[in-house]
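Summary of the model geometry
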Amino acid sequence: MATLLIVHHTPSPNCQAMFEAVVSGATDPDIEDVRVVRVPALSATASDVLAADGFLLGTPANLGYMSGALKHFFDQVYYPCLDATRGRPFGYWVHGGNDVTGAVRGIESVTTGLGWRRTAEAVTVTGEPDKGDLERCWELGATVAAGLMG
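A quick note: this is a predicted structure, and the numbers were derived from the prediction, not measured. (Residues numbered from 1 in each chain as written. Predicted model: local features only at pLDDT ≥ 70, side-chain atom pairs only at ≥ 80, totals over all residues. Heavy atoms only, no water.)

Re the UniProt feature "domain: NADPH-dependent FMN reductase-like" (unreviewed entry) in the chain
- When the UniProt feature table is mapped onto this chain numbering, "domain: NADPH-dependent FMN reductase-like" (unreviewed entry) sits at residues 39-98.
- Within residues 39-98, the helical portion is 32% and the strand portion 35%, while the C-alpha atoms at the span's ends are 26 Å from each other. (UniProt positions renumbered as here; feature names shortened; annotations may be inferred. Helix = DSSP H or I, 4+ residues; strand = E, 2+ residues; numbered from the N terminus.)

As structure tokens, this is what we get:
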């Protein structure tokens, strides 16, 4: 059974709504043989990453960058996971009040350095997520999870 690790920082109702939609997509009953593990960014470890076959990452855009919690996650796992996780699939979502550019650039930079392979279009939302945004989050979760099916 494949493992999908969802690493998230969800400090607001908007981030929580996006996270829940991603989880709903990833755990859809049509997706078989994929175990979904949800870990807050401040609790996720290199062991969690090494045990996973793919990743979903979620963060707010804070002060023009990814949250400190997601940055902390990357700082903790980067070197211990660098070679062992190269080529693994991932996707991500970002929520911001008015701009997510810096957060997207940061995530893309770190995941490129890790050698991870983005397998779904990133979901970026500014302001309150609407129904279409939450549907895109659901699709993100389902797409990355379905890609892990054996």
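Digging into the packing of aromatic side chains
- Under the counting rule described, the total for this entry stands at six aromatic pairs.
- Taking 5.0 Å as the distance between ring centres and 80 degrees as the angle between the ring planes, the aromatic pair formed by Tyr-78 and Tyr-79 counts as edge-to-face.
- On the basis of relative accessible area, Tyr-79 is assigned to the exposed category, the value being 66%.
- With a centroid separation of 6.0 Å and 55 degrees between ring planes, the pair formed by Phe-90 and Trp-116 is classed as tilted. Note that Phe-90 is positioned in strand 5 (residues 89-96) and Trp-116 in the loop between helix 4 (101-114) and strand 6 (117-118), a separation of 26 residues in sequence. No difference in accessibility class separates Phe-90 from Trp-116, as the two residues are buried.
- Taken together, the ring pairs in this structure connect Phe-55, Phe-90, Tyr-92 and Trp-116 into an aromatic cluster. (Phe/Tyr/Trp six-rings, centres within 6.5 Å; stacked < 30°, edge-to-face > 60°. Buried < 20%, exposed > 50% of the residue type's maximum accessible area, 1.4 Å probe, protein only.)

Observations concerning the nonpolar core
- Of all hydrophobic cores here, the largest spans 29 residues; its most connected members are Val-7, Val-49, Leu-57, Leu-70, Phe-73, Phe-74 and Trp-116.
- For this core, the secondary-structure elements that each account for two or more residues are strand 1 (2-8), helix 2 (46-50), strand 3 (54-62), helix 3 (68-81), strand 5 and helix 4.
- With six residues, the single largest contributor to this core is helix 3.
- If sequence neighbours within four positions are ignored, Phe-74 has contacts with Leu-57, Met-66, Val-110, Thr-111, Leu-114 and Trp-116.
- Counting 23 residues, the second-largest nonpolar core is a separate cluster that includes Ala-21, Leu-56, Trp-93 and Leu-148. (Core = buried A, V, L, I, M, F, W, Y, C linked by side-chain atoms within 4.5 Å. Contact = heavy atoms within 4.5 Å.)

Considering the pattern of salt bridges
- Considering all chains together, one arrives at three salt bridges under this definition.
- Where Arg-136 meets Asp-133, a salt bridge forms, and the shortest distance between an N and an O atom there is 3.0 Å. Taken together, the positions of Arg-136 and Asp-133, both in helix 5 (residues 131-146) and three residues apart, correspond to about one turn of that helix.
- Among the residues examined, Arg-136 registers a relative accessible area of 33% and is labelled partly exposed.
- Accessibility expressed as a relative area gives 13% for Asp-133, which makes it buried. (Salt bridge = Lys/Arg side-chain N within 4 Å of Asp/Glu carboxyl O.)

Focus on the packing of helix 3 against helix 4
- Where helix 3 contacts helix 4, the two axes come as close as 12 Å, and the packing angle between them is 15 degrees. Here helix 4 runs roughly parallel to helix 3, going by the angle between their axes. Crossing geometry of helix 3 relative to helix 4 is assigned as left-handed. Seen from helix 3, the contacting residues are Leu-70, Phe-74 and Tyr-78; seen from helix 4, they are Ile-107, Val-110, Thr-111, Gly-113 and Leu-114.
- Taken together, the residues of the contact of helix 3 with helix 4 break down into six nonpolar, two polar and no charged. (Axes fitted to C-alpha atoms, helices over the stretch in contact; angles between N-to-C directions. Parallel < 35°, antiparallel > 145°, perpendicular 65-115°, else oblique. Left-handed = near helix turned anticlockwise from the far one by under 90°. Nonpolar A, V, L, I, M, F, W, Y, C, P; charged D, E, K, R; others polar.)

Regarding the environment of Pro-11
- Along the chain, Pro-11 falls in the loop between strand 1 and helix 1 (13-26).
- Taking the relative accessible area as the measure of exposure, Pro-11 reaches 55% and is therefore exposed.
- Separated by 114 residues in sequence, Pro-11 and Val-125 have C-alpha atoms that sit 15 Å apart.

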